[in-house]
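Observations on the three-dimensional arrangement
Below are the chains, spelled out letter by letter.
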Amino acid sequence: MTLDLGRVERLANDIAYMAGDVLMNFWQDGFRQTTKSSSIDVVTEADSAAESLIVSRLLTAFPDHHIIGEEGGGMGADIETAPYRWYVDPLDGTTNYANRIPIFAVSLALTDSAMNPLVGVVYSPMSDELFSAARGAGTTRNGQPVTVSAETALERSVLASGFPYDKHTSPQNNLREWGAMLVRSRGLRRLGAAALDCCYVADGRFDGYWEQKVKPWDVLAGMLCAEEAGATISDYDGRKAPGFIEAGRVVISNGHIHRQMLDV
């Protein structure tokens, strides 16, 4: 049965708002935190609580879908037979959240079985901004259409990026790329929330974004928001989605500066 993507998007919007409320309640009342893969890979009890709410709502609405959560792994229908998948990051920007920096978001993406994004929702509870997109229907911020910037020159562009959790030990830590792009652009920003970086490209706040070692739940929702707002998306070599997503090397731009970013 074909999904009504508009209905799915509206449901995902509602779930993102509810998860945002969970995050804000913990933000106000306090929370415990631990680490995962390393001392800088933080997780809070707010992550787990928000993901539990999201997964429960999605499983009720879509029992035949598979759900991949950053904290809980694979849930729902079998991934090999499920026609659709959800990629859930209940708290994108956990390090910010844990340090009381008000830049974080809830990120939900629906894809087909080949990881082609169909619905993407990113909610920033601190700014109360909901970025939302369905395949072929454009992108909105709080219900109003958004579009990428018109900047054509890299030297006048403001870009965003981030650094992987293994930056202390891996030579593939984005320092070389950051340094090269720093001297070629108007400015670089490191917000610490990949989903918002993508959505800020969609909204014309950033002209481009790149990052390596990102996970599908980090960027799939934001990628669709960017694409539906007119962005160009590829890996570092110019290959298009979705085949490169699991390799984790993403470049998103307003289209005008994409080739310039790839050259750098």
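Attention here is on the structure that accompanies the text.

Cut-off values and rules
- Residues numbered from 1 in each chain as written.
- Predicted model: local features only at pLDDT ≥ 70, side-chain atom pairs only at ≥ 80, totals over all residues.
- Heavy atoms only, no water.
- Helix = DSSP H or I, 4+ residues; strand = E, 2+ residues; numbered from the N terminus.
- Contact = heavy atoms within 4.5 Å.
- Buried < 20%, exposed > 50% of the residue type's maximum accessible area, 1.4 Å probe, protein only.
- Axes fitted to C-alpha atoms, helices over the stretch in contact; angles between N-to-C directions.
- Parallel < 35°, antiparallel > 145°, perpendicular 65-115°, else oblique.
- Nonpolar A, V, L, I, M, F, W, Y, C, P; charged D, E, K, R; others polar.
- Expected span 1.5 Å × (residues − 1).
- Polar contact = N/O pair within 3.5 Å; in protein donor to acceptor, adjacent residues only side chain to side chain.
- Left-handed = near helix turned anticlockwise from the far one by under 90°.

Turning to the side chain of His-66, a few remarks are in order. By secondary structure assignment, the location of His-66 is in strand β3 (residues 66-69). With residues up to four places along the chain from it excluded, the contact list for His-66 reads Gly-74, Met-75, Ala-77, Asp-78, Ile-79, Ala-82, Tyr-84, Arg-85 and Trp-86.

A word on unusual backbone geometry. For Met-115, which is not a glycine, the phi torsion comes out positive at approximately 70 degrees. On the secondary structure map, Met-115 appears in the loop between β6 (105-112) and β7 (117-124). Overall, the relative accessible area of 6% leaves Met-115 in the buried class. Phi is positive for Asp-128, close to 55 degrees, though the residue is something other than glycine. Secondary-structure assignment places Asp-128 in the loop between β7 and β8 (129-134).

With that settled, consider the packing of helix α5 (residues 194-202) against helix α6 (residues 216-228). Closest axis-to-axis distance for the α5/α6 pair is 8 Å, and the angle between their directions is 5 degrees. Looking at the two axes, α5 sits roughly parallel to α6. Judged by residue contacts, Ala-194, Ala-195, Cys-198, Cys-199 and Ala-202 of α5 engage Asp-218, Val-219, Gly-222, Met-223, Cys-225 and Ala-226 from α6. Among the residues forming the contact of α5 with α6, the class breakdown is nine nonpolar, one polar and one charged.

Now for helix α1 (residues 5-29). With 25 residues, α1 extends 36 Å between its outermost C-alpha atoms, agreeing within 8% with the 36 Å of an ideal straight helix rising 1.5 Å per residue. At the N-terminal boundary of α1, the capping side chain belongs to Asp-4, with an oxygen 3.1 Å from the backbone nitrogen of Gly-6. Backbone geometry just downstream of α1 places Gly-30 in the positive-phi region, at approximately 100 degrees.

A few words now on the packing of α1 against helix α2 (residues 45-61). A packed helix pair is summarised by two numbers, namely the angle formed by the two axes and the spacing between the axes. Put simply, α1 and α2 touch, their axes get as near as 9 Å, and they point 155 degrees apart. Taken together, the axes of α1 and α2 are roughly antiparallel relative to one another. The two elements α1 and α2 cross, and the hand of that crossing is right-handed. Of the residues in α2, those touching α1 at Leu-11, Ile-15, Met-18, Ala-19, Val-22, Leu-23 and Phe-26 are Glu-45, Ala-46, Ala-49, Ala-50, Leu-53, Ile-54, Arg-57, Leu-58 and Ala-61.

Another aspect to go through is the environment of Leu-224. Assignment of secondary structure puts Leu-224 in helix α6. By relative accessible area, which is 0% here, Leu-224 ends up buried. Along the primary structure Leu-224 and Ser-234 are separated by ten residues, whereas in three dimensions their C-alpha atoms are 12 Å apart. Aside from chain neighbours lying at most four places away, what touches Leu-224 is Pro-117, Leu-118, Val-119, Gly-120, Ala-133, Ala-134, Arg-135 and Thr-139.

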